[in-house]
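Spelled out from the first residue to the last, the chains are:
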Amino acid sequence: VSVSLGIKPVAGGNTTWVGWDRERYEYLTAVDWDAAALTVQVQDRKQQELLLLKVDPATGKLTELLKQTDPAWVNLPPQPPKWSGGLGGFVWFAED
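In this text the structure is predicted, and so the values were computed from the model without any measurement.

Draft legend 1. The sheet that holds strand β3 (residues 27-33), seen in detail. Ordered in space as β3-β4-β5-β6, the four strands form an open sheet in which the pairing is antiparallel. In this open sheet, the two strands that pair with only one neighbour each are β3 and β6 (62-69). Across the sheet, the mean angle from the axis of one strand to that of its neighbour is 20°, orientation sign disregarded. Where strand β5 (residues 49-55) meets β6, seven bridges bridge the pair, whose relative direction is antiparallel. Counted as the bridge partner of Leu52 is Leu66 from β6.

This is the structure in structure tokens:
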């Protein structure tokens, strides 16, 4: 299945498309938009790499926040990142 992610203004207007390397990261595993940030998680087909990406809603530009890798597989986190308010960081749940 091929998916795309777009941001459409409620009042109408053009769609801002979010583009990631879909050839390398085929799975869009999560999208979360709270007061702090719009984030997406993508994973490769072997499920050995997981990226957490921050999205600029105005442009669709992505910033890599973290990358998890494992030679067997990376389990998906149980919940999206929790932002630390004005401190500029976030809490991430991961298995070692």
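Anyway, onward from the coordinates.
Draft legend 2. Structural detail: the pairing of β3. Of the pairings in the sheet, the one linking β3 to strand β4 (residues 38-43) comprises six bridges and is antiparallel in character. Across the sheet, Val31 pairs through a bridge with Val40, a residue of β4. In this structure, the hairpin formed by β3 and β4 is closed by a connection of four residues.

Draft legend 3. Structural detail: the environment of Ser84. Counting through the fold element by element, Ser84 comes out in the loop between β7 (82-83) and β8 (90-91). Sequence-wise, Ser84 and Leu66 are 18 residues apart; in three dimensions their C-alpha atoms are separated by 16 Å. When sequence neighbours within four positions are dropped, the list of residues in contact with Ser84 reads Gly89 and Phe90.

Draft legend 4. Focus on the pairing of β4. A large share of β4 lies buried, amounting to six of its six residues. Here β4 shows a buried face lined by Leu38, Val40 and Val42 and a second buried face lined by Thr39, Gln41 and Gln43. The sheet contact formed by β4 and β5 spans six bridges and is antiparallel. From the neighbouring strand, Val40 faces β5, where its bridge partner is Leu53.

Draft legend 5. Here's a closer look at the packing of aromatic side chains. Per the counting criterion, the structure on display carries one aromatic pair. With a centroid separation of 5.1 Å and an interplanar angle of 55°, the aromatic rings of Trp83 and Phe90 are classed as tilted. Accessibility expressed as a relative area gives 22% for Trp83, which makes it partly exposed. Across from the ring centre of Trp20, 4.9 Å away, lies the NZ or CZ of Arg22, which sits over that ring.

Cut-offs and rules
Residues numbered from 1 in each chain as written. Predicted model: local features only at pLDDT ≥ 70, side-chain atom pairs only at ≥ 80, totals over all residues. Heavy atoms only, no water. Pairing = 2+ DSSP bridges. Helix = DSSP H or I, 4+ residues; strand = E, 2+ residues; numbered from the N terminus. Axes fitted to C-alpha atoms, helices over the stretch in contact; angles between N-to-C directions. Contact = heavy atoms within 4.5 Å. Buried < 20%, exposed > 50% of the residue type's maximum accessible area, 1.4 Å probe, protein only. Phe/Tyr/Trp six-rings, centres within 6.5 Å; stacked < 30°, edge-to-face > 60°. Lys NZ or Arg CZ within 6 Å of the ring centre and 35° of its normal.

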